[in-house]
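# Overview (structure and organization)
Chain by chain, the residues:
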Amino acid sequence: VYRSVTRVIGGASQVVLYRAEVREVDEHRLVRLYNPVEPLVIDEEVPDPDRTRPIRLCHIGRLHSVKNLTTLLEAMAHVNRRGQACELWLIGDGPQRRELEDKTREPGLEGSVHFFGYQRKPGNFLAQCDVLVQVSLAEGFGLALVEGLGAGLAAIVTRVGAGPELIEPGKTGWLVSPDNLDEIAGAIEEACRLGRPGLRTMGEAAKQSVGDRFAPEVYLARLEDLYSSLLHGEVASPRLAHLEGSL
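Below or above, wherever it landed, is the structure these notes cover. (Residues numbered from 1 in each chain as written. Predicted model: local features only at pLDDT ≥ 70, side-chain atom pairs only at ≥ 80, totals over all residues. Heavy atoms only, no water.)

Broken down by element type, the protein chain carries 8 helices and 8 strands. For 247 residues, the compact-globule estimate of 2.2 N^0.38 gives 18 Å, and the protein chain sits close to it at 19 Å. In the protein chain, which comprises 247 residues, the proportion classed as buried is 48%. For the protein chain, the exposed surface amounts to about 12600 Å²; the carbon and sulfur share of it is 49%. Considering the protein chain, the positive charge centre built from 28 side chains and the negative charge centre built from 35 side chains are found 2 Å apart. (Helix = DSSP H or I, 4+ residues; strand = E, 2+ residues; numbered from the N terminus. Rg over C-alpha atoms; globule rule 2.2 N^0.38 Å. Buried < 20%, exposed > 50% of the residue type's maximum accessible area, 1.4 Å probe, protein only. Areas by Shrake-Rupley, 256 points an atom, 1.4 Å probe, with all protein chains shown as cover. Lys, Arg positive; Asp, Glu negative; His and termini not counted. Charge placed at Lys NZ, Arg CZ, Asp CG, Glu CD.)

Across the 6 residues of strand β3 (residues 55-60), 6 count as buried, placing the element largely inside the fold. Across the two faces of β3 the burial is the same, with Ile55, Leu57 and His59 and Arg56, Cys58 and Ile60 all buried. Summarising the sheet, β3 and strand β4 (residues 86-91) pair through 6 bridges and their orientation is parallel. Bridging from a neighbouring strand, Arg56 pairs with Glu87 of β4. For the segment spanning β3, helix α2 (residues 69-81) and β4, crossover handedness is right-handed. (Pairing = 2+ DSSP bridges. Right-handed = clockwise from strand over helix to strand, strands pointing away.)

Positioned with a positive phi, Asn68 is a non-glycine residue whose angle comes to about 65°. Mapped onto the elements of the fold, Asn68 is located in the loop between β3 and α2. Taking the relative accessible area as the measure of exposure, Asn68 reaches 8% and is therefore buried.

Encoded structure:
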């Protein structure tokens with residue numbers, strides 16, 4: 001299929017570069033164009049978080065093995081056993097739910113993990129949390145990550161999909177390895193030690209970093225620029241076609 005097309009669009013640089021590295025597509029035909037993301041709706045009546053509660057992490061997505069949630073729960077248990085109280089809200093449903101519910105009965109997790117299933121307005125839950133956490137083994141883009149950053153949350157994210165492009169370590173969140181339990185637990189502990197005032201500062205930086213980069217109108221304008229360049233016979237430079245701003 002790729003041989004018959006003029007351009008191949010990828011939603012993240014890692015996706016685009018992988019296609020080039022495995023020689024599925026010639027570099028000059030690759031373009032990185034972020035997916036459009038609508039801001040989450042947050043109702044005005046969502047209550048302010050309880051000031052006495054522990055740091056609250058939130059994961060939005062399907063409860064599936066690729067999301068690496070078993071490792072996340074093990075990291076949570078490690079942090080809680082070391083005396084850093086935190087809790088986790090899981091927004092979403094999926095085939096791994098019963099297995100994960102069983103795991104929350106293990107030492108260090110009792111009462112600290114809450115399952116909310118699928119929600120039409122996940123923004124209302126993010127508004128009551130401090131950190132978005134996404135420790136997936138693989139991601140094509142990372143819609144939930146963009147939504148969380150745009151809602152003003154710092155994020156703990158694995159180095160997959162668009163995570164390395166969107167997170168500035170120490171400023172908007174943490175980058176971790178999906179198979180490194182200690183690294184994930186360490187990031188959670190750092191977030192707990194930072195406290196809610198520090199996390200709010202990171203969240204504000206995260207929201208600013210997203211800005212309007214993923215607005216549907218921005219996506220449409222860049223897509224139109226791409227079509228226009230093709231109609232005028234312009235050819236992207238190798239190793240640059242995937243970079244933002246090259247359209």
